[in-house]
2 protein chains.
Amino acid sequence: MRILVTGGTGFVGKWAALALVSAGHEVFVISRTPTTVPGCQVIVGDLLKSETIDAALARARPEILLHMAWYVEHGKFWNAAENLDWATATIRLVRAAQKIGVRRIVCAGTCMEYDLSSRDLCVETTTAIRPVTLYAVSKDSTRRIVEEFVASCGLEFAWGRMFFVFGPNEHPSRLVSSIAVSLLAGRPALISSGTQIRDFIDVHDAGEAFAALALSKVTGAVNIASGRALRIRELAEEIRAAAGGIGELRFGALPDRPNEPACIVADIRRLQDEVGYRPRKTIKERLSETLEWWRAWSIYESQLRA
Amino acid sequence: MRILVTGGTGFVGKWAALALVSAGHEVFVISRTPTTVPGCQVIVGDLLKSETIDAALARARPEILLHMAWYVEHGKFWNAAENLDWATATIRLVRAAQKIGVRRIVCAGTCMEYDLSSRDLCVETTTAIRPVTLYAVSKDSTRRIVEEFVASCGLEFAWGRMFFVFGPNEHPSRLVSSIAVSLLAGRPALISSGTQIRDFIDVHDAGEAFAALALSKVTGAVNIASGRALRIRELAEEIRAAAGGIGELRFGALPDRPNEPACIVADIRRLQDEVGYRPRKTIKERLSETLEWWRAWSIYESQLRA
């Protein structure tokens, strides 16, 4: 099948695109700058421009649209005005895709759409929706519009709510990467209290889950997560173990964020039972691979600085 | 003050623009085609194009943006894809307005954003939100994004939820106009059961209420309504009385729409007490004026046909 992947050069999207290529599909990715993604045809353009949307759809003529592009600049995206640009780009993309006869649309959402004030598992069909940042409100509101639109024109539509993704190429200041980089550099890893419980998923797994969702017939919201409740303390210990068991974890060295939810964990029955997706490796194995990647990155970075 | 009114040549927006002119402000309206609105400067352009948004803001340099434009083609707008275009245009307009330093933004929403399954008054701060058409979902979702965005950048923002507006220039197939036109032509007016209770407001009053809201400091959602619960039967009788007490009202001649809410009436305390708006005339007087307008229209139409 012909599949267009936006964000297909990005952190998660790249692995989704590669999984779709591996499954034998003809995959097109959109990139702002000329690049290559193995097995994919790259369409260069800026999705915030409607010309790019039209040109990409005309060239790819996709049956399936997997839309993963959004503004995600670390430390800025939560309340950035760019969320408005991506809400409008998404709505325009869906509208244009419907016009040219796309059969199925799958977009990337976020666990932050949920009401996270309880410690219950987030269940797609029953957990209340209560986004509290511009990022999450923009994702949620975009979904509402798209969901109502596709219902009126018979398109298949699914919305993958991503939980906490880690892996190679993550921004080095994020949780897993910053602990990894610190430990590998022989510095103490500065961490908050570490009592927060989160659902972490490896970036390859998240990409493959999105690919599976894109190829399935499942509609509506689907959590993209491991379903494993991991206290940040435990995660940090696992990273330390993966780093060879050396280095210091300084819990409490960073403040907890105000109003941080105690627990954000997904119910993954839809992903497992309806989409039929199972990760190929354990989180322990994935953390190990991630550490190897950061080790190579650290050596490369230190050579650059030398 | 400099005020930019989108939809300022439209059914309600025109009266809002004129009320702002009367109050001594410098008013700019955007129109797709060259036209005149007394006292206003007309900027010709299509708001669905970002060039128009940028050009209009650059020329008007408004302190206040009153955004009333949307797709409202009678019989089509409820589930039209154009709702997506206007959601994106609205988000882009707000984003661009913030960039050039607009101080206050007021947009037109709809009573259809509310959960209308109960017979209770719709109260801005307490009635649940549950839109069920693409039109209402698009309005509601747009509001969610804009509300969160302005909160993050200190802009003043209000959202006027319009109830059932009638008056001159309404589409001749809508409720008040179709009854008026039928009776004035000596034909029986075909009506549904007429048991539905609605909150009707005259278009001049709705426009003036929006102007008052634009000039106030009130933020958040505000119902734009008369607050008067009128059964459609009673409304039809009042129209008949305004038409001179002649003609036949055939209740039950048209089917009720499936799942039509029994009662849609606004709590107008925010509009009255916080915005300080009071209509200058009664609904009876306004229906009388409206009938006079349809009488003139009918004579003109019959001359055109002759």
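In the nomenclature of an unreviewed UniProt entry, chain A is known as CDP-4-dehydro-6-deoxy-D-gulose 4-reductase of Labrys miyagiensis.

It is worth spelling out the interface of chain B and chain A at this point. Contacts between chain B and chain A engage 22 residues on the former and 22 residues on the latter. When chain B packs against chain A, the two sides together hide about 2000 Å² of surface, and 70% of this comes from carbon and sulfur. Interface area lost by chain B to chain A is led by L84, R95 and I145 of chain B, which between them contribute 28%. Summed over the shared surface of chain B and chain A, the number is 2 salt bridges. Of the charged contacts, one joins D85 of chain B and R95 of chain A as a salt bridge, the two residues approaching to 2.8 Å between their closest N and O atoms. Between chain B and chain A we count 5 residue pairs in polar contact (both at pLDDT 80 or more) in total. Taken together, the elements giving at least two residues each to the side of chain B that touches chain A come down to α3 (82-99) and α4 (134-153) of chain B. In terms of residue count, the dominant contributor to the side of chain B that touches chain A is α4 of chain B (10 residues).

This part covers the nonpolar core. A general trend in soluble globular proteins is that nonpolar side chains are found buried together. Counting 76 residues, the largest nonpolar core has L4, L57 and I105 of chain A together with L4, L57 and I105 of chain B as the members making the most contacts within it. Excluding its chain neighbours within four sequence positions, the residues that come into contact with I105 of chain B are L65, V94, A97, L155, E156, F157 and A158 of chain B. The next biggest cluster of nonpolar side chains, apart from the first, holds 35 residues, and it includes A17, V37, A108 and A209 of chain B.

Turning our attention to the UniProt feature "domain: NAD-dependent epimerase/dehydratase" (unreviewed entry) in chain A. UniProt's entry tags residues 3-224 of chain A with the feature "domain: NAD-dependent epimerase/dehydratase" (unreviewed entry), counted in the numbering of this structure. Secondary structure content for residues 3-224 of chain A is 37% helix and 22% strand, and the end C-alpha separation is 20 Å.

Let us now look at the relation of the copies chain B and chain A. Superposing chain B onto chain A requires a rotation of 180° together with a translation of 0.0 Å along the rotation axis, leaving an RMSD of 0.0 Å. The transformation just described matches what one would write down for a two-fold rotation axis. Of the interface residues in chain B, 100% have counterparts in chain A that sit at the interface too, so the contact is made through matching surfaces.

Counting across every chain of the model gives 16 aromatic pairs over all chains. Both rings, one in F157 of chain A and one in W159 of chain A, keep their centres 6.2 Å apart while their planes meet at 55°; by these two values the pair is tilted. On the basis of relative accessibility, which here comes to 4%, the residue F157 of chain A falls in the buried class. With relative accessibility at 1%, the residue W159 of chain A sits in the buried group. Ring centres of Y114 of chain B and F163 of chain B lie 6.4 Å apart, and the angle between their planes is 40°; on these two criteria the pair is classed as tilted. Placement of the pair is Y114 of chain B in the loop between β5 (104-110) and α4 and F163 of chain B in the loop between β6 (156-162) and β7 (164-166), with a sequence separation of 49 residues. On the basis of relative accessible area, Y114 of chain B is assigned to the buried category, the value being 1%. Between the NZ or CZ atom of R233 of chain A and the centre of the ring of F251 of chain A, over which it lies, the distance is 4.3 Å. Taking NZ or CZ as reference, R161 of chain B lies 4.6 Å from the ring centre of Y114 of chain B, over its face.

Moving on to the packing of helix α4 (residues 134-153) of chain A against α4 of chain B. Running from N to C, α4 of chain A and α4 of chain B point in directions that differ by 170°, and their axes come no closer than 9 Å. The angle between α4 of chain A and α4 of chain B falls in the class roughly antiparallel. Residue-level contacts link L134, V137, S138, S141, T142, R144, I145, E148, F149 and S152 of chain A of α4 of chain A to L134, V137, S138, S141, T142, R144, I145, E148, F149 and S152 of chain B of α4 of chain B. Residue classes in the contact of α4 of chain A with α4 of chain B are distributed as 8 nonpolar, 8 polar and 4 charged.

Here the focus is the domain arrangement of chain A. Residue and element names in this part refer to chain A. According to the domain assignment, chain A contains domain 1 (2-166 + 199-224) and domain 2 (175-197 + 229-263 + 282-305). Tallying the contact residues gives 10 residues for domain 1 and 14 residues for domain 2. Both faces considered, domain 1 and domain 2 share a buried interface measuring about 1100 Å² in area, 63% of it formed by carbon and sulfur atoms. Interface area lost by domain 1 to domain 2 is led by R119, F166 and F200, which between them contribute 59%. If you look at where domain 1 meets domain 2, you find 2 salt bridges. The partner of D202 in a salt bridge is R286, and the shortest N-O contact between them spans 3.3 Å. Linking domain 1 with domain 2 are 2 residue pairs in polar contact (both at pLDDT 80 or more). Elements with a contribution of two residues or more to the side of domain 1 that touches domain 2: β9 (197-202) and α6 (203-215). For the side of domain 1 that touches domain 2, the leading source of residues is α6, giving 3 residues.

Taken together, E51 and D54 of chain A together with E51 and D54 of chain B make up a surface patch of like negative charges. Positionally, D54 of chain B belongs in helix α2 (residues 50-60). Residue D54 of chain B is classed as partly exposed on the basis of its relative accessible area of 45%.

Criteria and cut-off values
- Residues numbered from 1 in each chain as written.
- Chains lettered and ligands numbered in written order.
- Predicted model: local features only at pLDDT ≥ 70, side-chain atom pairs only at ≥ 80, totals over all residues.
- Heavy atoms only, no water.
- Contact = heavy atoms within 4.5 Å.
- Buried area = accessible area lost by both parts, 1.4 Å probe.
- Salt bridge = Lys/Arg side-chain N within 4 Å of Asp/Glu carboxyl O.
- Polar contact = N/O pair within 3.5 Å; in protein donor to acceptor, adjacent residues only side chain to side chain.
- Helix = DSSP H or I, 4+ residues; strand = E, 2+ residues; numbered from the N terminus.
- Core = buried A, V, L, I, M, F, W, Y, C linked by side-chain atoms within 4.5 Å.
- Buried < 20%, exposed > 50% of the residue type's maximum accessible area, 1.4 Å probe, protein only.
- UniProt positions renumbered as here; feature names shortened; annotations may be inferred.
- Least-squares fit on C-alpha atoms with pLDDT ≥ 70 in both.
- Phe/Tyr/Trp six-rings, centres within 6.5 Å; stacked < 30°, edge-to-face > 60°.
- Lys NZ or Arg CZ within 6 Å of the ring centre and 35° of its normal.
- Axes fitted to C-alpha atoms, helices over the stretch in contact; angles between N-to-C directions.
- Parallel < 35°, antiparallel > 145°, perpendicular 65-115°, else oblique.
- Nonpolar A, V, L, I, M, F, W, Y, C, P; charged D, E, K, R; others polar.
- Domains from an automatic or database assignment.
- Patch = residues over 30% accessible without salt bridge, like charges linked within 9 Å, V, L, I, M, F, W, Y side chains within 5 Å.
- Areas by Shrake-Rupley, 256 points an atom, 1.4 Å probe, with all protein chains shown as cover.
- Lys, Arg positive; Asp, Glu negative; His and termini not counted.
- Charge placed at Lys NZ, Arg CZ, Asp CG, Glu CD.

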